[in-house]
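Each chain, written out:
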Amino acid sequence: MELNKYIDHTLLKATATERDIIDLCNEAKKYKFFSVCINSSFIPLAKQLLKGSSVKICTVVGFPLGATATETKVFEAKQAITAGAHEIDMVLNIGFLKSKNYVEVFKDISDVKLAIGKTTLKVIIEISELSKNDIVKACEICLDAKVDFVKTSTGFSKSGATLTAVKIMKKTVKNRAKIKASGGIGDLETAKKYIEVGVERIGTSKGVAIISEEMSEA
């Protein structure tokens, strides 16, 4: 298992410095992670640092609350791609979902997907705020909007990924969308468990520790 290829090496803290981003990108190149996941203001720096490598740039939109206007999310996403992002992780409008305003939830996601075309779109549904039925409905709407991934968490809410929620997500999306698990995945055993239940990407700030643990077992 090439676990490094599952990892979006993540740093989304508001306090992240340029030095932190430099270190993140250097680690991503060293361990050949799939991508770095960063706030959009750091895309130009990451683009410069990752030039010539296979590491992609992933950024977040409507983050971390998902409550910004759809037009703002569309602008954010398009601007991020212009700056050099390869993938967009947008936060679903949780308030609309819990209001059962499914038309607006769909429009919010669909407008971003239409704006970015073939660029990979992952939609964060924030499972810690949702019931089982909400998770299923969010996944169904994401399928209707033709997203590429459904993602568990921002990492900034009450809790992160759970195996139970991922199993519900997988049962709903089947093979029509991929799943990204994020939030609280910090060791090799946990990462493997998520991959075993069908996760195709892992968002974590502990990528180096996970891969180092894997290498020590080899």
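The structure reproduced in this document is the subject of the present report. (Residues numbered from 1 in each chain as written. Predicted model: local features only at pLDDT ≥ 70, side-chain atom pairs only at ≥ 80, totals over all residues. Heavy atoms only, no water.)

Re the sheet that holds strand 2 (residues 35–38)
Reading around the barrel, the 8 strands line up as 1-2-3-4-5-6-7-8 and close back on themselves, with parallel pairing between neighbours. Going from strand to strand, the sheet's axes swing by 25 degrees on average, the running direction of each strand aside. Summarising the sheet, strand 3 (residues 56–61) and strand 4 (residues 87–91) pair through 4 bridges and their orientation is parallel. The residue of strand 4 that forms the bridge with Val60 is Asp89. Of the strands in this sheet, strand 1 (7–11) and strand 8 (201–204) are in contact with helix 9 (residues 207–217), which crosses strand 1 at around 140 degrees. (Pairing = 2+ DSSP bridges. Helix = DSSP H or I, 4+ residues; strand = E, 2+ residues; numbered from the N terminus. Axes fitted to C-alpha atoms, helices over the stretch in contact; angles between N-to-C directions. Contact = heavy atoms within 4.5 Å.)

Notes on the side chain of Asn93
Relative to the elements of secondary structure, Asn93 occurs in the loop between strand 4 and helix 4 (94–98). For Asn93, the side chain forms a polar contact with the main-chain nitrogen of Phe96, separated by 2.9 Å. Asn93 has contacts with Gly66, Ala67, Lys73, Val105 and Asp108, leaving out every residue within four places of it along the chain. (Polar contact = N/O pair within 3.5 Å; in protein donor to acceptor, adjacent residues only side chain to side chain.)

Here we look at the packing of helix 3 (residues 70–83) against helix 5 (residues 102–116)
At a closest axis distance of 9 Å, the pairing of helix 3 and helix 5 adopts a crossing angle of 25 degrees. It follows that helix 3 is roughly parallel to helix 5 by the angle criterion. In terms of crossing hand, the pair formed by helix 3 and helix 5 is right-handed. Residues Thr70, Lys73, Val74, Ala77, Lys78 and Ile81 of helix 3 lie in contact with helix 5, whose contacting residues are Lys107, Asp108, Asp111, Val112, Ala115 and Ile116. Of the residues assigned to the contact of helix 3 with helix 5, the class counts are 6 nonpolar, 1 polar and 5 charged. (Parallel < 35°, antiparallel > 145°, perpendicular 65-115°, else oblique. Left-handed = near helix turned anticlockwise from the far one by under 90°. Nonpolar A, V, L, I, M, F, W, Y, C, P; charged D, E, K, R; others polar.)

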